[in-house]
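Reading the structure
Okay, here's what each chain looks like letter by letter:
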Amino acid sequence: MSNIGKQALRVAKNYTKGYTEAQTKVRSATSNDPWGPTGAQMNEIAQMTFNQQDFVEIMEMMDKRLNDKGKNWRHV
């Protein structure tokens with residue numbers, strides 16, 4: 001699948017599942033793309049953890065990603 005197609009699918013999935021901005025950023029940073037997250041992405045997520053609600057959402061998504069199995073093992 002082309003990179004543009006993957007991005008469009010990811011945006012649609014984020015919208016339909018009702019992910020918050022914080023959850024979307026974590027999903028993007030922990031995607032199966034062959035390159036890792038940028039320093040700017042990691043910094044933005046780190047700054048968001050100072051907000052209690054964002055922190056909870058980020059940690060929930062990280063927990064979900066860390067416990068992925070099978071084809072999604074590369075998320076983190």
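Structural notes, computed from the coordinates. Computed from a predicted model, the values in this text were never measured in an experiment. (Residues numbered from 1 in each chain as written. Predicted model: local features only at pLDDT ≥ 70, side-chain atom pairs only at ≥ 80, totals over all residues. Heavy atoms only, no water.)

Moving on, we get to the overall build of the protein. Looking only at helices and strands, one finds four helices and zero strands in the protein. In sequence order, the secondary structure elements of the protein are arranged as α-α-α-α. Seen through its principal axes, the protein has C-alpha atoms that stretch 35 × 25 × 25 Å. Roughly 5500 Å² of accessible area belongs to the protein as shown, and the carbon and sulfur atoms make up 57% of that amount. In the protein, 11 positive and 8 negative side-chain charges are present, and the distance between their average locations comes to 11 Å. (Helix = DSSP H or I, 4+ residues; strand = E, 2+ residues; numbered from the N terminus. Areas by Shrake-Rupley, 256 points an atom, 1.4 Å probe, with all protein chains shown as cover. Lys, Arg positive; Asp, Glu negative; His and termini not counted. Charge placed at Lys NZ, Arg CZ, Asp CG, Glu CD.)

Moving on to the nonpolar core. Tyr19, Ala22, Val26, Ala29, Ile45, Met48, Ile58 and Met61 form the largest nonpolar core, which has eight residues in total. Looking at this core, the elements that each hand over two or more residues are α2 (21-29), α3 (39-48) and α4 (52-66). Looking at this core element by element, the count peaks at three residues for α2. Residues in contact with Tyr19, not counting those within four places in the same chain, are Lys13, Asn14, Thr24, Arg27, Met61 and Lys64. (Core = buried A, V, L, I, M, F, W, Y, C linked by side-chain atoms within 4.5 Å. Buried < 20%, exposed > 50% of the residue type's maximum accessible area, 1.4 Å probe, protein only. Contact = heavy atoms within 4.5 Å.)

Take a positive patch on the surface next. Together, Lys13, Lys17, Lys64 and Lys71 make up a positively charged patch on the protein surface. Note that Lys13 resides in helix α1 (residues 3-16). The partly exposed category is assigned to Lys13, whose relative accessible area is 41%. (Patch = residues over 30% accessible without salt bridge, like charges linked within 9 Å, V, L, I, M, F, W, Y side chains within 5 Å. Salt bridge = Lys/Arg side-chain N within 4 Å of Asp/Glu carboxyl O.)

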